[in-house]
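Residue-level structural notes
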Amino acid sequence: MDYKDLANLIFPDVKDISYYEEKYPERNLEEGAIVTRFAPSPTGFVHIGGLYQALVARTIAKKTGGVFFLRVEDTDQKREIENGVTGIVNSLKDFDMAPDEGMITDEKEIGNYGPYKQSLRKEIYQAYAKYMIEQGKAYPCFCSQEELDEIREKQTVAKIRPGYYGVWAKCRNLTVEEMAQKIKNGEKYIVRFKSPGREDRKIKHKDVIKGNVDFPENDQDIVIIKADGLPTYHFAHAIDDHLMRTTHVIRSDEWLSSVPLHLQLFHELGFKAPKYAHISPIMKNDNGNKRKLSKRKDPEAAVSYYKEEGIPVDAVKEYLLNIANSTFENWRRANPDKKIDEFDFQLNKMSVSGALFDMVKLLDIGKIVISKMTAEEVYENALNWAKEYDKELEEMLKNKEYAIHVFGIERGNKKPRKDIAKWSDVKENIEYMYDDKFYEKVKEYPYQVINDKESIEKILKLYIEEYFDENDDKQTWFDKIKELSGRLGYAKEVKEFKENPDKYKAHVGDVSTVLRVALTGRTNTPDMYEIMQVLGKESIIKRFEKAIELL
Ligand code: GLU
């Protein structure tokens with residue numbers, strides 16, 4: 001009996017690895033093209049940190065003419081959640097980051113390097129596990145949970161490193177005959193890697209992001225095939241990223257300490273190891289303490305939060321690139337109108353420690369992104385969001401032509417309006433442009449400097465009776481407000497008022513505020529002339545009359 005017989009006994013029906021090596025050849029890509037993947041487990045909602053990794057991986061692949069693929073790592077079937085894969089696929093779609101290859105629905109996939117769902121790759125992993133057993137680099141382990149607990153306890157008492165290694169690796173030294181006998185007796189087993197490493201030796205690793213790091217060699221005989229026949233993450237990673245011809249493994253830095261094991265696995269399998277880029281987590285400032293964004297505590301940790309809030313997709317991506325490369329901000333300043341794809345993203349310039357997440361900054365970017373959209377684009381985005389999250393807004397947007405006029409206010413000029421950061425802000429920002437909503441909401445008018453009934457009434461009445469003409473151009477419109485101000489004893493120019501504050505009750509700006517408040521119920525709005533153009537004569541007069549009535 002030799003290793004080969006043992007391997008045949010354990011995996012009688014799997015193919016030879018040469019089959020897979022031929023089936024998944026080197027990719028025919030230009031020199032320098034980078035192949036990356038997003039490899040989430042469908043065990044919970046998609047975390048913003050996951051989207052961040054995917055964005056980085058996709059950006060670098062696109063930039064170099066490479067490939068970005070989506071692989072679903074569902075080998076931990078106990079932890080899998082319902083619709084987990086759909087959630088992942090849809091999140092990428094929502095952010096306009098669909099992969100070049102891999103899963104495109106919970107069942108369908110595209111690309112020649114699949115299956116891209118690990119649970120469908122069982123026989124591939126087993127073929128390589130068999131190969132490892134044949135080589136004497138893996139072995140069946142028959143230890144029960146109780147035995148493993150016992151080992152751990154002894155190690156704890158003796159204060160030595162826990163794990164299944166060296167002298168502690170009980171099954172490692174069984175003879176092939178003993179192993180075969182146990183299997184024939186029907187004893188339960190899993191398959192372990194026979195690590196050639198020694199803890200007292202060091203390995204050097206050059207991480208694309210973290211730089212040079214030293215580690216002790218791996219000496220743990222980790223499990224490679226579990227009792228359910230599926231691989232562990234470590235083994236699947238080595239097989240998949242080899243066969244899928246990944247050039248750069250971009251993943252969370254919680255895996256950095258596994259690099260010695262992974263490099264060893266690649267080496268023992270006879271594979272060329274990929275480059276690794278370990279990304280630091282996104283952090284949050286929690287009352288002065290820096291901590292990881294938490295799935296439990298922070299709603300903004302879930303990618304779905306951004307969609308529900310209606311934060312524009314481009315704003316989220318732009319913000320993430322901002323924290324990914326510190327040079328992004330300067331680039332954006334120099335190129336305010338370029339698309340983010342044009343940014344020269346550098347994987348090796350990512351920060352080594354975790355970036356702080358700043359919602360205020362993200363919303364500022366949201367405002368800028370939306371300010372650059374056409375009224376039509378704002379309309380489409382707001383409507384799409386409303387359809388899913390706000391029936392009332394959807395209803396308001398039914399009259400498309402009117403809505404586009406509303407969104408067109410102060411848009412498309414040099415200094416476009418920046419009052420909308422996210423689609424959920426839209427309703428609040430346009431409500432007063434809809435008569436029924438306006439009357440429903442307006443209870444008290446926030447008049448400012450000029451706030452007595454008599455003065456307000458005078459201004460409004462005189463304005464409607466003698467000055468308002470919907471056909472006036474902007475200059476005439478404003479000249480008339482000045483004239484009206486003069487007639488009622490207010491300064492026609494702010495400057496004039498400032499020079500002689502005692503001479504006047506208030507100035508033209510204060511008179512405008514009265515008009516604005518009466519018209520919109522607000523002290524702060526985009527350009528009043530444009531607002532009036534959109535509202536139209538009938539609505540304007542009715543609003544002024546109502547304001548007088550409510551004085
Ligand atoms: N399934 C692993 C995880 O979600 C993937 C890590 C990797 O990208 O290799 O953490």
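Here, every reference points to the structure presented above.
The rules behind each value
Each chain carries its own residue numbering, running from 1 in the written order of its sequence. Since the coordinates come from a predicted model, pLDDT governs what is reported: local features require at least 70, and pairs of side-chain atoms require 80 or more to be given and counted, while whole-chain, interface and lining totals use all residues. Hydrogens and waters are ignored; side-chain quantities use all the structure's heavy atoms. What makes a residue near a molecule or strand is one non-hydrogen atom of that residue sitting within 4 Å of it. Between N or O atoms, a polar contact is any pair within 3.5 Å; within protein, one atom must be a potential hydrogen donor and the other a potential acceptor, and residues adjacent in sequence are included only when both atoms are from side chains. Surface accessibility in these figures is a Shrake-Rupley result with a 1.4 Å probe; residues are shielded only by whichever protein chains are displayed. Residues are grouped as follows: Ala, Val, Leu, Ile, Met, Phe, Trp, Tyr, Cys and Pro are nonpolar; Asp, Glu, Lys and Arg are charged; all remaining types, including Gly, are polar. The criterion for strand pairing is that DSSP finds at least two bridges linking the strands in question. Secondary structure elements follow DSSP: runs of H or I no shorter than four residues count as helices, runs of E no shorter than two count as strands, and numbering proceeds from the N terminus. Multiply 1.5 Å by the residue count of a helix minus one, and that product is the helix's expected span. Should any heavy atoms of two residues lie within 4.5 Å, those residues are counted as being in contact. Fitting a line to C-alpha atoms yields each axis, with helices limited to the stretch in contact; the angle taken between N-to-C directions then spans 0 to 180 degrees. Should an angle fall under 35 degrees it is called roughly parallel, over 145 degrees roughly antiparallel, and 65 to 115 degrees roughly perpendicular, with every other angle called oblique. By convention, the crossing between two helices is left-handed when the near helix turns anticlockwise from the far helix through less than a right angle, and right-handed when the turn is clockwise.

1. Looking at the site of the ligand
- Lining the immediate surroundings of the ligand are Arg 37, Ala 39, Pro 40, Ser 41, Glu 73, Tyr 233, Arg 251 and Trp 255.
- Between the ligand and Glu 73, the relevant distance is 2.7 Å, taken from a nitrogen atom to a side-chain nitrogen or oxygen of the residue.
- The side chain of Trp 255 places a nitrogen or oxygen atom 3.2 Å from an oxygen atom of the ligand.
- Contact with the protein chains hides 82% of the accessible area of the ligand, taken as 290 Å² for the molecule alone.
- In terms of residue class, the shell around the ligand is built from 4 nonpolar, 1 polar and 3 charged.

2. A closer look at the sheet that holds strand β3 (residues 101-103)
- With mixed pairing, the 4 strands of this open sheet are ordered in space as β1-β2-β3-β4. At either end of the open sheet lies a strand with only one pairing partner, and these are β1 (35-38) and β4 (109-110).

3. Some remarks on helix α20 (residues 474-487)
- When the terminal C-alpha atoms of α20 are compared, their 20 Å separation across 14 residues agrees well with the 20 Å that a helix rising 1.5 Å per residue should span.
- Buried residues along α20 sit in contact with α19 (453-467), α22 (508-520) and α23 (528-535).
- Remark: Gly 489 follows α20 within two positions and exhibits a positive phi of approximately 85 degrees.

4. Things to note about the packing of α19 against helix α24 (residues 537-549)
- Between α19 and α24, the shortest axis-to-axis distance is 10 Å and the interhelical angle comes to 155 degrees. In terms of orientation, α19 and α24 fall into the roughly antiparallel class. In this structure, α19 meets α24 at a crossing whose hand is left-handed. Seen from α19, the contacting residues are Glu 457, Leu 460, Lys 461, Tyr 463 and Ile 464; seen from α24, they are Ile 541, Phe 544, Ala 547 and Ile 548.
- The residue makeup of the contact of α19 with α24, split by class, is 7 nonpolar, no polar and 2 charged.

5. So, the environment of Glu 109
- Here Glu 109 lies in strand β4.
- C-alpha separation for the pair Glu 109 and Val 14, spaced 95 residues apart in sequence, amounts to 24 Å.
- Aside from chain neighbours lying at most four places away, what touches Glu 109 is Gly 102, Met 103, Ile 104, Gly 114, Pro 115, Tyr 116 and Lys 117.
- Polar side-chain contacts of Glu 109 include one of 2.8 Å to the backbone nitrogen of Tyr 116.

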